[in-house]
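# Report on the structure
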Amino acid sequence: VANPVYETIYASTLSNSGFATAFLADLLGTEVSAENMTVAVDAVTALLNAGDSRGATMSAVIAAVAAVPTTDANFGAAAQSLANKTEVATYQVLL
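Residues numbered from 1 in each chain as written. Predicted model: local features only at pLDDT ≥ 70, side-chain atom pairs only at ≥ 80, totals over all residues. Heavy atoms only, no water.

## Quick notes on the overall build of the protein chain
Worth spelling out the cut-off: Secondary structure is summarised from DSSP: a helix means a run of H or I of at least four residues, a strand means a run of E of at least two, and numbering begins at the N terminus for each. Based on C-alpha atoms, the radius of gyration is set beside the globule rule, defined as 2.2 Å times the residue count to the power 0.38. Think of it in three bands: residues with accessible area under 20% of the maximum for their type are buried, residues over 50% are exposed, and the middle band is partly exposed, with areas taken using a 1.4 Å probe on protein chains only.
Along the backbone of the protein chain there are five helices and zero strands. Taking 2.2 N^0.38 as the reference for a compact globule, 95 residues should give roughly 12 Å; the C-alpha atoms of the protein chain span a radius of gyration of 14 Å, in line with that estimate. C-alpha extents for the protein chain along the principal axes are approximately 35 × 35 × 20 Å. Out of the 95 residues belonging to the protein chain, those deemed buried represent 27%.

## Structural notes on the environment of Ala64
For Ala64, the position within the fold is in helix α4 (residues 54–67). Given a relative accessible area of 43%, Ala64 falls into the partly exposed group. In this structure the C-alpha to C-alpha distance between Ala64 and Leu48, which are 16 residues apart in sequence, comes to 16 Å.

Spatial relationships are all this shows, so hold off on functional conclusions.
If you want it as structure tokens, here you go:
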């Protein structure tokens, strides 16, 4: 079932690279360097080009970022940001 909010953010007309860029900009934001963002976009694009679905790829990438130690020099700040967002979302749901 198509979700209109999802489609607004990640249009089905986006190329795999365009999708990867938009998704990772939302997930990683400014918490990673431009070089590390490029590495991440290339990796996600490769998964999509290999036939992985967007949903499965998003789930795998979110899990991967969540598993990064917050002390990691490359993606630790993004992992901390994701942990913070998850904590706030969980708190809001439990209210």
